[in-house]
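Close look at the chain arrangement
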Amino acid sequence: MTSTTIQKVQNYQGSNTFVIKMKEVLRKYHGLTPKQLEAVEKCLNATAKVDMENLPEGLKRIVDYKGENPFVKDIAAKFKQYGSLTENQKNAALKQIQKEEDKEKTIRMNWPTIGETIKLGRKVGMQLKEKYSLQFNPILIDITSLKAVSPKAVLFTGKMTVKRGKVCTCCMKTLTDEFSMLTGMGKICAGHMRVEYITDASQVDRFREDYLKRVEEIGEMEFWVPKSQIKKWDGATEAFLRTI
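Residues numbered from 1 in each chain as written. Predicted model: local features only at pLDDT ≥ 70, side-chain atom pairs only at ≥ 80, totals over all residues. Heavy atoms only, no water.

Turning our attention to unusual backbone geometry. Phi is positive for S133, which is not a glycine, with a value near 55°. By the secondary structure assignment, S133 is in the loop between α7 (122-131) and β2 (140-149). Judged by its relative accessible area of 65%, S133 is exposed. Its identity is not glycine, yet M172 carries a phi of approximately 75°, on the positive side. Inspection of the secondary structure puts M172 in the loop between β3 (153-160) and α8 (178-183). (Helix = DSSP H or I, 4+ residues; strand = E, 2+ residues; numbered from the N terminus. Buried < 20%, exposed > 50% of the residue type's maximum accessible area, 1.4 Å probe, protein only.)

Take a look at the structure:
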């Protein structure tokens, strides 16, 4: 209750002179006495007069909200009544408003991206693991199409990569031993992918066929990726996105 009350005082935009004075006390001494807290709480619970013309930007976005989200509307109503919000209330309302604004600005499309590959961050990989009931976090993805672009994220479809290089196609770790370099994957990741690993070099072709079959079994995945979570992107579409 103490921290909540202090946050309300810090964010107070009403006209109650006592609460305004306590706001100054907080700035100067970084705290209030128990009696001050009790008194200010009574003031905060009373109907407040708020100067709507000179609100900070964040609070103004909440007050001016015209959408239908019941949570944001409730928070706006509380602010208009009491003249203050906790940091949690303010941040949660602003988060919902931002989601709606991003959705309105989302551009839908079906842009083919055959041959392009992206490296995902761990968080997105974990989400794909859960969504598609996998035993590993997909990291390196051959994207097949670009479905949508919002101010902060991109919607892709794609499959596990079939490209081979110097890193594991599953976990992106550097390949060091002979078999992993031949197959493009380490033994542990092959187990997670449910592809029988090789015991000698003559089984490389069989492993490759089994891996490609497994990629098709997993199939095409659809996923939103925050732009900050795209660790690496090889393809022309990345340049195209910069123009949107």
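Looking at the element boundaries, T199 is found in the loop between α9 (187-193) and α10 (204-218). By relative accessible area, T199 is classed as exposed at 60%. Separated by 99 residues in sequence, T199 and E100 have C-alpha atoms that sit 54 Å apart.

Next up on the list: the pairing of β2. Of all 10 residues making up β2, nine are buried, and the element is well covered by its neighbours. When strand β1 (residues 107-120) meets β2, the two strands line up antiparallel, connected through eight bridges. Paired with I118 across the two strands is I141, which belongs to β2. Pairing between β2 and β3: seven bridges, direction antiparallel. Note that in β3 the partner of A148 across the bridge is L155. Counted between consecutive antiparallel strands, the loop separating β2 from β3 contains three residues. (Pairing = 2+ DSSP bridges.)

Before going further, it helps to spend a moment on the packing of helix α5 (residues 70-82) against helix α6 (residues 87-104). Packing of α5 against α6 leaves a shortest axis separation of 9 Å and a crossing angle of 140°. Taken together, the axes of α5 and α6 lie oblique to each other. Here the hand of the crossing between α5 and α6 comes out left-handed. Mapping the contact onto sequence places F71, V72, I75 and K78 in α5 and Q89, A92, A93, Q96 and I97 in α6. In terms of residue class, the contact of α5 with α6 is built from six nonpolar, two polar and one charged. (Axes fitted to C-alpha atoms, helices over the stretch in contact; angles between N-to-C directions. Parallel < 35°, antiparallel > 145°, perpendicular 65-115°, else oblique. Left-handed = near helix turned anticlockwise from the far one by under 90°. Contact = heavy atoms within 4.5 Å. Nonpolar A, V, L, I, M, F, W, Y, C, P; charged D, E, K, R; others polar.)

The terminal C-alpha atoms of α10 lie 21 Å apart, and with 15 residues this matches the ideal 21 Å at 1.5 Å per residue to within 8%. Burial in α10 covers these residues: V204, F207, R208, Y211, R214, V215 and I218. For α10, the angular spread of the buried residues around the axis is 125°, confining them to a single face. Counted as exposed and oriented over 90 degrees from the buried face of α10: D205, K213 and E217. Remark: G219 follows α10 within two positions and exhibits a positive phi of approximately 80°. (Expected span 1.5 Å × (residues − 1). Arc of directions from axis to C-beta.)

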